Amino acid sequence: MKLSPRDAVGFLSKPDPKVPAILIYGADAMRVAERRAKLVAAHVGPQAESEMRLTRMPGSDLRKDPAAALDAARAQGFFPGPRAVVIDEANEHAFDALKTALEDWAEGDAMIVATAGALKKTSKLRKLFESDRRALVLAVYDDPPGRAEIEQMLAAEGLTNLSQDAMRDLGALAMTLEPGDFRQTLTRIALYKIGDDTPLSPDEIAMLAPQSAEAEIDDILNAMAEGRMGDLAPILGRLAAQGVQPVAVCIGAARHFKLLHALVSDPRGPQQAIGALRPPVFGQRRDRLLRQAQNWSLPRVEDALRDLTATDLALRSSTRAPTRALAERALIRLSRMAGRR
């Protein structure tokens, strides 16, 4: 029987012991492993491994020993409590063993938790779990965690004092990071807020969030878009010392102005348009983009994009002109445009 993503949140947190088995599958192995770990921890508790109430086996073993899954589910340990059998990387070769285990499973046996990669609709393993009225099957997609799942993660980390803006930015951050990276970021935020009872702010989220590889050129892009011509040459020199090529700055500037174009061209206005950007923006970068969008008209943004396209072509051509000088002059021209009304 299929388990919907909405129902999965409750089941993974509080599994029904009468469910004989669950198949968790998906293309993203990290997301599948995360769901499996959450389910197993909720069902058997943190001491299950040391108390021998948790059995792990690779799916490849079931091909050699088809009875292994059922034997492990029926095995009784020395310690009382719920038991689980985890079967990782199950495939079509595990079909016969899991079919037998499902047919012969009885109340009191261990819950079987099987994981697999991407499975087609024609997969025998997937059909086996979907057609069984007692068993469950959970498909894990690449969708970012929803608000309910984020709130559960926050509660697990002890983060409950959040503003509405902070929740908005965490939702945006969850859409840009892998699940494991997002969870590590929440742990980092929780450690930072130990002993601090003030609400978590968007600025703190931006400070503690992982920085992208392009973050180092943000300073020069903001200086350009805000008309701070005096800051351009020193920042460009620092980037050159770090090995950042002028063409990379030009590409970053074009991407930045495409974002501004999306904001100033939207009939709903920048405030509404910024929420539809993908990947989303949050924190101080969101605020700066909104301020910049208020100072740039649509014709000037389009002129800036045309200028950057021409500069990019010149930088990639066989010109003998110094590339740093070409990039610096282009940035100065755009910075002057930012100061015009």
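The structure presented is a predicted model; accordingly, all values stated were derived computationally and were not measured.

Conventions we followed
- Residues numbered from 1 in each chain as written.
- Predicted model: local features only at pLDDT ≥ 70, side-chain atom pairs only at ≥ 80, totals over all residues.
- Heavy atoms only, no water.
- Core = buried A, V, L, I, M, F, W, Y, C linked by side-chain atoms within 4.5 Å.
- Buried < 20%, exposed > 50% of the residue type's maximum accessible area, 1.4 Å probe, protein only.
- Helix = DSSP H or I, 4+ residues; strand = E, 2+ residues; numbered from the N terminus.
- Contact = heavy atoms within 4.5 Å.
- Axes fitted to C-alpha atoms, helices over the stretch in contact; angles between N-to-C directions.
- Parallel < 35°, antiparallel > 145°, perpendicular 65-115°, else oblique.
- Nonpolar A, V, L, I, M, F, W, Y, C, P; charged D, E, K, R; others polar.
- Salt bridge = Lys/Arg side-chain N within 4 Å of Asp/Glu carboxyl O.
- 1 Å grid on protein atoms, 1.4 Å probe; cavity = no way out; pocket = protein on both sides within 12 Å on 5 of 7 lines; lining within 4 Å.
- Points joined across faces, edges and corners; volume = space filled by probe spheres on them.

### Some words on the nonpolar core
Ile220, Met224, Phe257 and Trp296 are the most contacted members of the largest nonpolar core, which has 36 residues in total. Elements that contribute at least two residues to this core include exactly α11 (218-225), α12 (232-241), α13 (246-265), α15 (283-295), α16 (298-316) and α17 (323-338). By residue number, the principal contributor to this core is α13, which donates eight residues. What isoleucine 220 contacts, discounting residues up to four positions off in sequence, is Leu232, Ile235, Leu236, Leu239, Val249 and Leu331.

### Overview of the packing of helix α5 (residues 95-104) against helix α6 (residues 124-131)
For any two helices packed against each other, one specifies the crossing angle of their axes together with the interaxial distance. With their axes 10 Å apart at the nearest point, α5 and α6 run at an angle of 10° to one another. Regarding the angle of α5 to α6, the classification is roughly parallel. Contact with α5, carried on its side by Phe95, Leu98, Lys99 and Leu102, involves Lys124, Leu125, Leu128 and Phe129 of α6 and no other residues of that element. Within the contact of α5 with α6, the residues separate by chemical class into six nonpolar, no polar and two charged.

### Quick look at the pattern of salt bridges
Applying the stated rule across the entire model yields 20 salt bridges. Glutamate 103 is the partner of lysine 99 in a salt bridge, and the nearest nitrogen-oxygen pair spans 2.6 Å. Placement of both lysine 99 and glutamate 103 in helix α5 is noted, with a separation of four residues, approximately one turn of the helix. Salt bridges linked by common partners bring Glu226, Arg228, Asp231 and Arg288 together as one network.

### Some details on the environment of isoleucine 332
Mapping isoleucine 332 onto the fold places it in helix α17. When the C-alpha positions of isoleucine 332 and threonine 122 are compared, they lie 59 Å apart, and in sequence the two are 210 residues distant.

### Comments concerning the layout of surface pockets
Here the second largest pocket is characterised by a volume of approximately 360 Å³. In this structure, the second largest pocket is lined by 19 residues; those nearest its centre are Pro5, Arg6, Val9, Arg35 and Glu149. Secondary structure elements with two or more residues in the lining of the second largest pocket: α1 (5-13), α2 (29-44), β5 (136-139) and α7 (147-156). A total of five residues in the lining of the second largest pocket trace back to one element, the largest contributor, which is α1. Among the residues forming the lining of the second largest pocket, the class breakdown is 11 nonpolar, two polar and six charged.

### Describing the side chain of threonine 311
Secondary-structure assignment places threonine 311 in helix α16. Apart from the residues within four sequence positions on either side, threonine 311 is in contact with Cys250, Leu326, Ala330 and Arg333.

### Describing unusual backbone geometry
The phi angle at methionine 52 is positive, at roughly 60°, despite the residue not being glycine. Within the secondary structure, methionine 52 is located in the loop between α2 and β2 (54-58). Residues other than glycine seldom take positive phi values, yet glutamate 89 does so here, at roughly 55°. Structurally, the position occupied by glutamate 89 is in the loop between β3 (84-88) and α5.

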